[in-house]
Amino acid sequence: MAIEAVIWDFGGVFTTSPFEAFRRFEARRGLPADFIRAVNATDPDTNAWALFERSEIDAAGFDAMFLEESTRLGHPLAGAEVLPLLSGDIRPRVVAALQTCKAHFKVGCITNNVVTGHGTGMAGSAEKAAAVAEIIGAFEVVLESSKVGVRKPDPRIYLMMCEALKVAPGSCVYLDDLGVNCKPAAALGMTAIKVSTEAQALEDLAAATGLAF
C-alpha cells in the first residue's frame, strides 16, 4: 500500500530524548542509572506517570504518587523534581524533514504528555514553547494524551489518528523513540520507525517514503 501519511511522536523525535536529561540528573543525585525509567516502567498502565499522562491526576497528585513509587524502589524522589527534565532541545533537521513530508503526505502527531511547563511540548520557557508551537502548527492533527484521555501504547490512539487523517494504518509511517510505542503501530500495519538517533531516523524515514532529507 502506498504511503499516505507520516505520523510522529514529539519528545525524543523532534527534541532530544528526556532520557538523556534523566541520566544527567541521576548522576548528579547519585541515583542508579535509569532509575526514573524503572519507576515509570513499574505498573506502566496504572502508575503516576500513566495517570498524569491521561490527566487522571494533577501535578500535585503526580508529585506525591511518584514519591511513593520511587520510595518503594529504594530512592525517594519527588515527581516535581522530574517534570522539569521533560523538555529537550529541538532538532532542526527533523523539523525540516516534517516540512518535506508535509509537502507530499498527510502529517499527524501523537504525543504522550502531561499538563506541566508551557504548551504541548512541556517546555521550560516561553521562548521554547513558542518554537514548539510553531512545529505543532505544521501538523494536520495533534493528539495529546493529556487531552484525549488515551495514551500510547494503547492501540486506540493510533486508530483515532488514522480516523482523523482518513487513512488506513497500512498507508502510514510512524516514528517514536520508544519501542513499546512502535509495537502497536506495527501490529496495526504501520511502517514503524524506532528513533535511536537523528541520523538513523532520517535515513529510515527516507527509505520508507522515498524522499530525501
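Each remark here, short or long, concerns the structure printed above.
Residues numbered from 1 in each chain as written. Predicted model: local features only at pLDDT ≥ 70, side-chain atom pairs only at ≥ 80, totals over all residues. Heavy atoms only, no water.

> What should I look at first to understand the packing of aromatic side chains in this one?
One pass over the structure, following the stated rule, counts 8 aromatic pairs. Both rings, one in Phe52 and one in Phe62, keep their centres 5.0 Å apart while their planes meet at 25°; by these two values the pair is stacked. Taken together, the residues span a long stretch of sequence, with Phe52 in helix α3 (residues 48–53) and Phe62 in helix α4 (residues 59–72) at a distance of 10 residues. Accessibility classification places Phe52 together with Phe62 in one group, the buried group. Taken together through their ring pairs, the aromatic side chains of Trp8, Phe10, Phe14 and Phe139 make up a single cluster. A cation over an aromatic ring shows up here: Arg37 above the ring of Phe19, its NZ or CZ 3.7 Å from the ring centre. (Phe/Tyr/Trp six-rings, centres within 6.5 Å; stacked < 30°, edge-to-face > 60°. Helix = DSSP H or I, 4+ residues; strand = E, 2+ residues; numbered from the N terminus. Buried < 20%, exposed > 50% of the residue type's maximum accessible area, 1.4 Å probe, protein only. Lys NZ or Arg CZ within 6 Å of the ring centre and 35° of its normal.)

> Can you walk me through α4 in this structure?
For an α-helix the count is 3.6 residues per turn, leaving residues at separations of three or four pointing the same way. In this model, α4 (14 residues) spans 20 Å end to end at C-alpha, consistent with the 20 Å of a helix rising 1.5 Å per residue. Residues of α4 that are buried: Phe62, Phe66, Glu69 and Ser70. The buried residues of α4 occupy an angular sector of 95° when projected down its axis, which confines them to one face. The outward face of α4, more than 90 degrees from its buried face, is lined by the exposed residues Ala60 and Arg72. Those residues of α4 hidden inside the fold are in contact with α2 (35–41), α3 and α5 (79–82). (Expected span 1.5 Å × (residues − 1). Arc of directions from axis to C-beta. Contact = heavy atoms within 4.5 Å.)

> Quick question: what am I supposed to make of unusual backbone geometry here?
A negative phi angle characterises most non-glycine residues, just as the trans form characterises most peptide bonds. Residue Pro153 is bonded to the preceding Lys152 through a cis peptide linkage, with omega at 15°. By secondary structure assignment, the location of Pro153 is in the loop between α8 (145–148) and α9 (155–165). Phi is positive for Ser55, close to 60°, though the residue is something other than glycine. Here Ser55 is to be found in the loop between α3 and α4. What makes Ser55 partly exposed here is its relative accessible area of 36%.

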